[in-house]
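Residues per chain, in single letters:
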Amino acid sequence: MQGTVDGFSYGLVTPVAAYFMACLGGALGLRCTIRSVQNRRSFKPGWLALGATAIGSGIWTMHFVAMMGFTVAGAPIGYDRPTTFASLAVAIVMVGIGIFIVGYRGASPMALVTGGTITGLGVASMHYLGMAGMRLQGRLEYDTPTVALSVVIAVVAATSALWAAVSIHGFMASLGASLVMGVAVSGMHYTGMAAVSVHLHGAAGSAGRGSSPAALLAPMLTGPVVFLLLAGVVVMFDPLLVMGEPNWRLPEAGQAARPGVPAQRKPSHGQPAWAADRSPRRAAQRQEAPRATDW
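Note that the structure is a prediction, hence the values are computed from the model and not measured.

### Looking at a nonpolar patch on the surface
- Taken together, the side chains of Phe171, Met172 and Leu175 present a nonpolar region at the surface, about 280 Å² in accessible area.
- Mapped onto the elements, Met172 comes out in helix α6 (residues 171-194).
- Its relative accessible area of 59% is what places Met172 among the exposed residues.

### Thoughts on the environment of Ile77
- In this fold, Ile77 is placed in the loop between β2 (71-72) and β3 (78-79).
- The exposure class of Ile77 is buried, given its relative accessible area of 7%.
- On a C-alpha basis, the gap between Ile77 and Pro213 in space is 6.6 Å, while along the polypeptide they are 136 residues apart.

### Let's talk about the nonpolar core
- One finds Met67, Val72, Tyr79 and Leu217 to be the most contacted residues of the largest nonpolar core, which totals 53 residues.
- Among the elements of the structure, α1 (13-38), α2 (44-67), α3 (81-105), α4 (109-132), α5 (144-167), α6, β6 (196-200) and α7 (213-236) are those that each provide at least two residues to this core.
- Sorting elements by how many residues they give to this core places α2 first, with eleven residues.
- The contacts of Val72, once residues within four sequence positions are left out, are Gly3, Thr4, Val5, Ile77, Leu136, Val198 and Leu200.
- Of all hydrophobic cores here, the second largest spans five residues; its members include Ala164, Ala165, Ile168 and Ala177.

### Some details on the packing of aromatic side chains
- Across all of its chains, the model carries six aromatic pairs by this definition.
- Judged by centre distance (4.9 Å) and plane angle (55 degrees), the ring pair of Trp60 and Phe64 falls under tilted. Within this pair, Trp60 and its partner Phe64 are both found in helix α2, separated by four residues, close to a single helical turn.
- Measuring from ring centre to ring centre gives 6.1 Å for Phe64 and Tyr79, while their planes differ by 80 degrees; the resulting arrangement is edge-to-face. Taken together, the residues span a long stretch of sequence, with Phe64 in helix α2 and Tyr79 in strand β3 at a distance of 15 residues.
- Residue classification places Phe64 among the buried positions, given a relative accessible area of 0%.
- One Lys or Arg, Lys44, reaches over the ring of Tyr104 and ends 5.4 Å from the middle of that ring.

### Details of the environment of Leu229
- Within the secondary structure, Leu229 sits in helix α7.
- By relative accessible area, which is 53% here, Leu229 ends up exposed.
- Considering only alpha carbons, one finds Leu229 and Gly25, 204 residues apart in sequence, at a separation of 9.6 Å.

### Concerning the environment of Leu48
- Within the secondary structure, Leu48 sits in helix α2.
- By relative accessible area, which is 0% here, Leu48 ends up buried.
- Taking the C-alpha atoms as reference points, Leu48 and Val37, eleven residues apart in sequence, are found 9.1 Å from one another.
- Not counting chain neighbours up to four residues away, the residues in contact with Leu48 comprise Thr33, Ser36, Ile99, Phe100, Gly103 and Tyr104.

### Some thoughts on the pattern of salt bridges
- With the rule as written, the count across this model stands at two salt bridges.
- Here Asp80 ties to Arg135 by a salt bridge, and the two come within 4.0 Å at their closest N and O atoms. One end of the pair, Asp80, is in the loop between β3 and α3; the other, Arg135, is in strand β4 (residues 134-135), and 55 residues separate them in sequence.
- Its relative accessible area of 43% is what places Arg135 among the partly exposed residues.
- A salt bridge links Arg139 to Glu141; the nearest nitrogen and oxygen atoms lie 2.6 Å apart.
- Note on Arg139: relative accessible area 42%, which makes it partly exposed.
- Its relative accessible area of 28% is what places Glu141 among the partly exposed residues.

### Examining the side chain of Thr14
- Take Thr14: it is sitting in helix α1.
- The contact partners of Thr14, leaving out residues within four places of it in the chain, are Val65, Ala66, Met68, Gly69 and Tyr190.

### What to know about α6
- With 24 residues, α6 extends 35 Å between its outermost C-alpha atoms, agreeing within 8% with the 34 Å of an ideal straight helix rising 1.5 Å per residue.
- Among all positions of α6, only Ser174, Ala177, Ser178, Met181, Gly182, Val185, Ser186, Met188, His189, Thr191, Gly192 and Met193 are buried.

### Things to note about the packing of α2 against α3
- Direction vectors running N to C along α2 and α3 enclose 140 degrees, while the axes themselves pass 8 Å from each other. As far as their axial angle goes, α3 and α2 are oblique. When the axes of α2 and α3 are compared, the crossing they make is right-handed. Of the residues in α3, those touching α2 at Lys44, Pro45, Leu48, Ala49, Gly51, Ala52, Thr53, Ile55, Gly56, Ser57, Trp60 and Phe64 are Thr84, Phe85, Ser87, Leu88, Ala91, Ile92, Val95, Gly96, Ile99, Phe100, Gly103 and Tyr104.
- Considered class by class, the residues forming the contact of α2 with α3 number 15 nonpolar, eight polar and one charged.

Reading guide: rules and limits
Residues numbered from 1 in each chain as written. Predicted model: local features only at pLDDT ≥ 70, side-chain atom pairs only at ≥ 80, totals over all residues. Heavy atoms only, no water. Patch = residues over 30% accessible without salt bridge, like charges linked within 9 Å, V, L, I, M, F, W, Y side chains within 5 Å. Areas by Shrake-Rupley, 256 points an atom, 1.4 Å probe, with all protein chains shown as cover. Salt bridge = Lys/Arg side-chain N within 4 Å of Asp/Glu carboxyl O. Helix = DSSP H or I, 4+ residues; strand = E, 2+ residues; numbered from the N terminus. Buried < 20%, exposed > 50% of the residue type's maximum accessible area, 1.4 Å probe, protein only. Core = buried A, V, L, I, M, F, W, Y, C linked by side-chain atoms within 4.5 Å. Contact = heavy atoms within 4.5 Å. Phe/Tyr/Trp six-rings, centres within 6.5 Å; stacked < 30°, edge-to-face > 60°. Lys NZ or Arg CZ within 6 Å of the ring centre and 35° of its normal. Expected span 1.5 Å × (residues − 1). Axes fitted to C-alpha atoms, helices over the stretch in contact; angles between N-to-C directions. Parallel < 35°, antiparallel > 145°, perpendicular 65-115°, else oblique. Left-handed = near helix turned anticlockwise from the far one by under 90°. Nonpolar A, V, L, I, M, F, W, Y, C, P; charged D, E, K, R; others polar.

As far as function goes, none of this settles anything; it's purely spatial.
Put into structure tokens, the structure is as follows:
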């Protein structure tokens, strides 16, 4: 017997909340990745790992917030906890691989394609593994072309997000990129859900009502939501993470930034080049340099 599926049993509440969680995770992940790229004195692996965890947690939380509104008439839904949390681990690990690739290789085409493909496949794997964790008196069936379309959307969205993470440095620009990322991730989720149909077992229609999906999922979502909020606090209290590296601290083209050595200032209009170089290191070199009369 074919089950009646409703993906919006709470109306627009769950799609809007899911979109917000996707945007929050994306924004935090982008800012952490930018922090690791811009400031070479920071602990790069730590910031990249924090960014991957934020994006993975945001995508996973978005999926299951949206699933709170998913119901099947006559078939109470449950969730297998090990499978559900395994989907969270898959999301974080696969996103982390993609972020570390572009974090260390930069925005080269090969790095973006490789990292974006791995990350996109990780997002799709998280989605369908989370769906495999559902327990109901029926069988889930998928439309193959629609599933393939959802995977393509996931790969394109992941590649775009990784490009934004290493190419967009302004706070407002990265905020806009996270909003677009939220649209793409939510679009991938609901495209995947459009591929789902439920074939109920014979006795499923007479089954009593169990706990609502919201009551089952809310306790499992507590940890990732708290983590995203704490990551948001880290972003708020790190001015470099929010506003980016000041222009005067960025190294000039062709020069590598060195800890403890201030960047040379460019001379203003009409000012000789030697007047702009006031760094302590240059001053010490001028004092130590032998003069023609010291012999």
